[in-house]
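As a plain string of letters, each chain reads:
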Amino acid sequence: SQQGEEDPQALSIQEGENATMNCSYKTSINNLQWYRQNSGRGLVHLILIRSNEREKHSGRLRVTLDTSKKSSSLLITASRAADTASYFCATDTWQGAQKLVFGQGTRLTINP
Amino acid sequence: NAGVTQTPKFQVLKTGQSMTLQCAQDMNHNSMYWYRQDPGMGLRLIYYSASEGTTDKGEVPNGYNVSRLNKREFSLRLESAAPSQTSVYFCASRRQGADEQYFGPGTRLTVT
C-alpha cells in the first residue's frame, strides 16, 4: 500500500506564481524526500527533510514537515516553465534497510 | 560518469516470454533498487540489494527475480511475462551513508 498520498494530483499555474504540493503519510518516518520526474525520464532527488526537522530550504524550494499530522509540503517559489514535471514525495521508514515508499505524485504544469 | 544506466529502453514481449532488464551504476554505490511505475501512480519497490551479495523482496516481488552480479550491476528477470507486468521499470542506486537515491532513465515494457 502507498505510504504517501499527495494532493493535488494535478496543478496548473502561471509562470512566476508559487506552487504548493502536499504529502501525507501513515507511519513514523526516518526522513521524507521529494523527487522530480520530467516526462519520460527517471526521478531526480530534490530535497530531504529529517524527522527532527520542521523546515528546510534549497534555492527556490521550501519543504516543511509536521510529524504530528504526518504531513509535508513542498513549495516552489517564482515558478518557471522548466519546473513543469511530476513531483513525488517518498518516505523512508528504515526497517533494517532503506526502502523508500512513494506517493502517487503531483503533476505540475507551468503556463508561460 | 554515466550514473545509472538501463537497457533496453523499450521492449515488447508476448505473454509467457522471458527477459532480463539490465542496470549498471558507475558511482561505486552499495545499494541498488528495482521499481515499477504504473500510469498515475508512484513507484513501487520490486526488489532491492542493500549490498553486494544480498537481495531482498520489496512491496511487489511476485513474478520477478533479481541478481546482484557484482557491485556495479543489478538485473531484473521476468521468467514468464504477463500483461499485468506492463509498466515502466526504474533502477536506482544509493551510496552507503547517504539517503538520496539516483535513478536510471527507465525501461518501458509492454506485454501483449
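In this text the structure is predicted, and so the values were computed from the model without any measurement.

A. Broad picture of the overall build of chain A. Across its full length, chain A carries zero helices and 11 strands. When its helices and strands are written in sequence order, chain A yields β-β-β-β-β-β-β-β-β-β-β. For 112 residues, the compact-globule estimate of 2.2 N^0.38 gives 13 Å, and chain A sits close to it at 13 Å. A principal-axis box enclosing the C-alpha atoms of chain A has dimensions of 45 × 30 × 20 Å. The buried share of chain A, reckoned over its 112 residues, is 46%. Considering only intrachain contacts with a sequence separation of at least 6, the fraction spanning at least 24 residues in chain A is 56%. A total accessible area of about 5,200 Å² is found for chain A, and carbon and sulfur atoms account for 45% of it. Taking the 13 positively charged and 10 negatively charged side chains of chain A as two groups, their mean positions are separated by 5 Å.

B. Representation of the overall build of chain B. Helices and strands together make up the secondary structure of chain B, namely zero helices and 11 strands. Scaling as 2.2 N^0.38, a compact globule of 112 residues should have a C-alpha radius of gyration of about 13 Å, and chain B matches this with 13 Å. Its C-alpha atoms put chain B at 40 × 25 × 25 Å along the principal axes. Relative to its 112 residues, chain B shows a buried fraction of 49%.

C. Main features of the state of the cysteines. One pass over the full model with this rule turns up two disulfides over all chains. Across the disulfide from Cys23 of chain A sits Cys89 of chain A; the S-S distance is 2.1 Å. One disulfide, between Cys23 of chain A and Cys89 of chain A, carries an S-S torsion of 70 degrees and so falls in the right-handed class. On the criterion of sequence distance, the pair formed by Cys23 of chain A in strand E3 (residues 19–24) and Cys89 of chain A in strand E9 (residues 85–92) is long-range, its members being 66 residues apart. The buried category is assigned to Cys23 of chain A, whose relative accessible area is 1%. Across the disulfide, Cys23 of chain B is cross-linked to Cys91 of chain B (sulfur-sulfur distance 1.9 Å).

D. Structural detail: the packing of aromatic side chains. One pass over the structure, following the stated rule, counts eight aromatic pairs over all chains. Between Tyr64 of chain B and Tyr89 of chain B, the aromatic rings sit 5.9 Å apart at their centres with planes inclined by 65 degrees, giving edge-to-face as the arrangement. Of this pair, Tyr64 of chain B sits in strand E7 (residues 64–68) while Tyr89 of chain B sits in strand E9 (residues 87–94), and the two are 25 residues apart along the sequence. Taking the relative accessible area as the measure of exposure, Tyr64 of chain B reaches 4% and is therefore buried. Here Tyr89 of chain B falls in the buried class, since its relative accessible area comes to 0%. Taken together, Tyr35 and Phe102 of chain A together with Tyr33, Tyr35, Tyr48 and Phe103 of chain B form an aromatic cluster joined through their ring pairs.

E. Geometry of the interface of chain A and chain B. Each side of the interface is counted separately: chain A has 24 residues, and chain B has 20 residues. Of the roughly 1,600 Å² buried where chain A meets chain B, counting both sides, 50% is carbon and sulfur surface. Looking only at chain A, the three residues that lose the most surface to chain B are Leu43, Gln98 and Phe102 of chain A, adding up to 29% of its buried area. Between Arg50 of chain A and Asp99 of chain B there is a salt bridge, with its nearest N and O atoms 2.7 Å apart. The interface formed by chain A and chain B holds nine residue pairs in polar contact (both at pLDDT 80 or more) in total. Elements with a contribution of two residues or more to the side of chain A that touches chain B: strand E4 (31–37), strand E5 (43–50), E9 and strand E10 (100–102) of chain A.

What counts, and at which threshold
- Residues numbered from 1 in each chain as written.
- Chains lettered and ligands numbered in written order.
- Predicted model: local features only at pLDDT ≥ 70, side-chain atom pairs only at ≥ 80, totals over all residues.
- Heavy atoms only, no water.
- Helix = DSSP H or I, 4+ residues; strand = E, 2+ residues; numbered from the N terminus.
- Rg over C-alpha atoms; globule rule 2.2 N^0.38 Å.
- Buried < 20%, exposed > 50% of the residue type's maximum accessible area, 1.4 Å probe, protein only.
- Contact = heavy atoms within 4.5 Å.
- Areas by Shrake-Rupley, 256 points an atom, 1.4 Å probe, with all protein chains shown as cover.
- Lys, Arg positive; Asp, Glu negative; His and termini not counted.
- Charge placed at Lys NZ, Arg CZ, Asp CG, Glu CD.
- Disulfide = S-S within 2.5 Å.
- Phe/Tyr/Trp six-rings, centres within 6.5 Å; stacked < 30°, edge-to-face > 60°.
- Buried area = accessible area lost by both parts, 1.4 Å probe.
- Salt bridge = Lys/Arg side-chain N within 4 Å of Asp/Glu carboxyl O.
- Polar contact = N/O pair within 3.5 Å; in protein donor to acceptor, adjacent residues only side chain to side chain.

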